[in-house]
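Architecture at a glance
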Amino acid sequence: MNYETLKELTSSYLDLSEQQIATFKQYCALLKEWNEKFNLTAITDDEEIVEKHFYDCLLALKHIKQDSLEVCDLGSGAGFPGLVFAIAKPHWKITLVDSTKKKTVFLEEAAKAMGLKNVKVMNKRGEELPFRERFDLVTARAVAPLYLLLELGMPILKVNGRFLALKGSKASEELDEAKEALRKLNCSVSFINEEELPNDAGKRNNIIITKDKPTNKKYPRTWGEMQKHHL
Ligand code: SAH
């Protein structure tokens, strides 16, 4: 996918300026440059980066229209979806969290090089964050099964805040498996946006889950506990 198509396909819900498109191009160049030493992503072709990283993440903004939100992206990796959102939504304040040092070094340097003032980077595990009931929106793509993500995300969300999980074709299985987690963590599914990805790349299910009530202080448990006794 080229940038012209990216702009066109997102135009019903985003109005990307020339400046923003230029920033995406810079992001793509930085990814390729740093990928040589840091092995950040398996996707290294320009058109594929635009399609499988940028467009794939931007799709999730179709149903989140607010212009000013405090956001946390868990397990951001090379910046997906968090850094993409930071470019597309300059008024969102975004905290990018990843437990791998080389990922957060890249995220810091890339945000600085692109002049993004709305980004904070934290080299921490999601279950060890020093936040409680703090964010309007928590996001994650390709980090863990939904029931685990919810245990990481709900404690740091405000009541009525939303969790956005970018999931693939197995979304309904993951939702089934997360039933008990949804109940114990006082949250409920608000919306599932099923999208067909271009070039037969399969389905993307963007799941939006709303936090209905405060989260019990015993969550999140340790990573080991979460795996051993899953909600
Ligand atoms: N969201 C990115 C990266 C996915 S790979 C994308 O879609 O491309 C998963 C990332 O989550 C890795 O960078 C890994 O370091 C991070 N991660 C895994 N478990 C984590 C945890 N408990 N807390 C924080 N980061 C975690």
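Residues numbered from 1 in each chain as written. Predicted model: local features only at pLDDT ≥ 70, side-chain atom pairs only at ≥ 80, totals over all residues. Heavy atoms only, no water.

Regarding helix H1 (residues 3-10)
Turning to H1, its buried residues are Tyr 3, Leu 6 and Thr 10. Seen along its axis, H1 keeps its buried residues to an arc of 55 degrees; they face one direction. Exposed residues lying more than 90 degrees from the buried face of H1 are Glu 4 and Glu 8. Where H1 is buried, its residues touch helix H2 (18-38) and helix H3 (46-58). (Buried < 20%, exposed > 50% of the residue type's maximum accessible area, 1.4 Å probe, protein only. Helix = DSSP H or I, 4+ residues; strand = E, 2+ residues; numbered from the N terminus. Arc of directions from axis to C-beta. Contact = heavy atoms within 4.5 Å.)

What about unusual backbone geometry?
In this structure, the amide linkage connecting Phe 80 to the following residue, Pro 81, adopts the cis form with an omega of 5 degrees. Here Tyr 219 and Pro 220 are connected by a cis peptide whose omega angle stands at 0 degrees. As for its position among the elements, Pro 220 is in the loop between strand E7 (203-211) and helix H9 (223-228). The phi angle at Ala 142 is positive, at roughly 55 degrees, despite the residue not being glycine. Here Ala 142 is to be found in the loop between strand E4 (135-141) and helix H6 (146-153). Notably, Asn 160 is not glycine yet its phi reads approximately 75 degrees, a positive angle. Here Asn 160 lies in strand E5 (residues 157-167).

Some points on the environment of Gly 168
With respect to the secondary-structure elements, Gly 168 resides in the loop between E5 and helix H7 (171-177). Overall, Gly 168 belongs to the partly exposed group, its relative accessible area being 29%. Here the alpha-carbon distance between Gly 168 and Ser 17, two residues 151 residues apart in the chain, equals 29 Å. Leaving out residues up to four positions away in the same chain, Gly 168 has contacts with Lys 203, Arg 204 and Asn 205.

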